[in-house]
Amino acid sequence: LPSIFEGADAVIHLAANADVRFGWNAPERDLQQNIVVTHGVLEGVRRAGVPRFFFSSTGAVYGEATVIPTPEDCPFPVQTSLYGASKLAGEGLAAAYAEGCGITTTVFRFVSIMGARYTHGHVADFMKQLLADPGHLTILGDGRQRKSYLDVTDCVAAILSLLGRSGGHQVYNLGVEDYCTVDQSAGWICERLGLVPEVVHTGGDRGWVGDNPFIFLDCWRIRALGWRP
């Protein structure tokens, strides 16, 4: 693995299992793909002498946050998903490598990412349902879950803006200054497709274990450096 990184100025680690919803169908997947792989990448960075490591984490590490909008230094609640727990473990490894090996480590906690090549999540799920049956749409939970979404190009721009950062371990939230409900996003999709389907909610205040009803991040720390989504 170190030979892959030889001569690199930085390693940006984005690979992960990112599907929160089905985490309990295969609990070992988050362990292997998110924690063990992250350790392997960090070891490659250390052994190859790469000075900077960037890690894609998630707003899910805040669980059901008690502070909204949620800043990077808020009190950590109980973890609510295997995905969030695995990403928090990856953050811990990055911090330890910064402290023990002198590597500059930068963590980005994303809200949900949207844009080209979007692969999973409720928007993709709604589209698949409506293409299969334009007259019906099932929404998990009560539809009042509040979510923020960040365009993938803004996410990439934020990471690249800090590519030259040096010194220690730092964490940055990445998100936008507003949010929408799941019902609102369903309405926008149906409007765009010109459809008026029968909508059925499965009930409850969340769609699955780990589906936090309100995710809204305070992004002042990175905005202070000039980044704007």
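Look up: the structure comes first, before these words.
Predicted model, so just to flag it, every value in this text is computed and none were measured. (Residues numbered from 1 in each chain as written. Predicted model: local features only at pLDDT ≥ 70, side-chain atom pairs only at ≥ 80, totals over all residues. Heavy atoms only, no water.)

Novice: Is there a simple way to think about the packing of aromatic side chains in this case?
Specialist: How two aromatic rings sit relative to each other is set out by the distance from centre to centre and by the angle between their planes. A full pass over the atoms with the stated rule returns 7 aromatic pairs. Measuring from centroid to centroid gives 6.3 Å for Phe 214 and Phe 216, while their planes differ by 15°, and the two rings are stacked. These aromatic residues form a ring-pair network of at least three members: Phe 54, Phe 108 and Tyr 172. Sitting over the ring of Phe 214, Arg 146 keeps its end group 3.7 Å from the ring centre. (Phe/Tyr/Trp six-rings, centres within 6.5 Å; stacked < 30°, edge-to-face > 60°. Lys NZ or Arg CZ within 6 Å of the ring centre and 35° of its normal.)

Novice: Please explain the side chain of Glu 91 as it appears in this structure.
Specialist: Tracing the chain through its elements places Glu 91 in helix H3 (residues 82-101). A distance of 2.7 Å separates the side chain of Glu 91 from the side chain of Arg 109, its partner in a polar contact. Look past the residues within four positions of Glu 91 in its chain and what remains in contact with it is Phe 55, Ser 57, Val 61, Val 107, Arg 109, His 169 and Val 171. (Helix = DSSP H or I, 4+ residues; strand = E, 2+ residues; numbered from the N terminus. Polar contact = N/O pair within 3.5 Å; in protein donor to acceptor, adjacent residues only side chain to side chain. Contact = heavy atoms within 4.5 Å.)

Novice: Whenever I open this one, helix H6 (residues 182-193) confuses me. Can you help?
Specialist: If you check H6, its first and last C-alpha atoms are 17 Å apart, about what 12 residues at 1.5 Å a residue would give, namely 16 Å. Of the residues flanking the end of H6, it is Gly 194, one or two places downstream, whose phi is positive at about 70°. (Expected span 1.5 Å × (residues − 1).)

Novice: Which parts of the structure should I look at to understand the layout of surface pockets?
Specialist: The method is simple in principle: a probe with the dimensions of a water molecule rolls over the atoms, and the space it marks as empty is what remains. In this structure, the largest pocket occupies an estimated 1,400 Å³ of space. Looking at the largest pocket, it is lined by 48 residues, and the ones nearest its centre are Ala 18, Ser 112, Ile 113, Tyr 118 and His 120. Counting residues per element, the ones that place at least two in the lining of the largest pocket are strand S2 (52-58), H3, strand S4 (112-114), helix H4 (122-132) and helix H5 (152-161). A per-element tally of the lining of the largest pocket places H4 first, with 5 residues. Split by residue class, the lining of the largest pocket holds 26 nonpolar, 14 polar and 8 charged. Each pocket or cavity is described by its volume, and for the second largest pocket that value is around 160 Å³. For the second largest pocket, the full set of lining residues is Met 114, Val 123, Lys 147, Ser 148, Tyr 149, Val 176, Asp 178, Tyr 179, Cys 180, Ser 185, Trp 188 and Ile 189. Of the residues forming the lining of the second largest pocket, the biggest block, 3 residues, is contributed by H6. In terms of residue class, the lining of the second largest pocket is made up of 8 nonpolar, 2 polar and 2 charged. (1 Å grid on protein atoms, 1.4 Å probe; cavity = no way out; pocket = protein on both sides within 12 Å on 5 of 7 lines; lining within 4 Å. Points joined across faces, edges and corners; volume = space filled by probe spheres on them. Nonpolar A, V, L, I, M, F, W, Y, C, P; charged D, E, K, R; others polar.)

Novice: How do you make sense of the state of the cysteines when you look at a structure like this?
Specialist: Using the criterion set out here, one finds 0 disulfides in the structure. Here Cys 155 is not cross-linked by a disulfide; its sulfur's nearest cysteine counterpart is in Cys 219, at 11 Å. Exposure remark for Cys 219: the relative accessible area of 5% places this residue in the buried category. (Disulfide = S-S within 2.5 Å. Buried < 20%, exposed > 50% of the residue type's maximum accessible area, 1.4 Å probe, protein only.)

Novice: It is not clear to me how H5 should be interpreted in this structure. Could you clarify?
Specialist: What sets the pattern is the α-helix's 3.6 residues per turn: residues three or four places apart point alike. Within the sequence span of H5, burial applies to Cys 155, Ala 158 and Ile 159. In an axial view of H5, the angular spread of the buried residues amounts to 95°, which keeps them on one side of the axis. (Arc of directions from axis to C-beta.)

Novice: Mind showing me how you'd approach empty space enclosed by the protein here?
Specialist: For the coordinates displayed, the defined rule picks out 2 cavities of 30 Å³ or more. Each pocket or cavity is described by its volume, and for the largest cavity that value is around 50 Å³. Looking at the largest cavity, the residues that line it are Gly 59, Tyr 62, Gly 63, Ala 65, Ile 68, Thr 70, Phe 214, Ile 215, Phe 216 and Leu 217. Its residues placed into classes, the lining of the largest cavity shows 7 nonpolar, 3 polar and no charged.

Novice: Explain the sheet that holds S2 to me, please; I cannot follow it from the model alone.
Specialist: Sheets are built from strands paired through backbone hydrogen bonds, the pairs being either parallel or antiparallel. Taken in spatial order, the 4 strands line up as S1-S2-S3-S8 in an open sheet, and their pairing is parallel. Two strands bound the open sheet, and with one partner strand each, they are strand S1 (11-13) and strand S8 (169-174). In this sheet, adjacent strand axes meet at a mean angle of 20° when their direction is disregarded. Here S2 pairs with strand S3 (residues 104-110) via 7 bridges, running parallel. (Pairing = 2+ DSSP bridges. Axes fitted to C-alpha atoms, helices over the stretch in contact; angles between N-to-C directions.)

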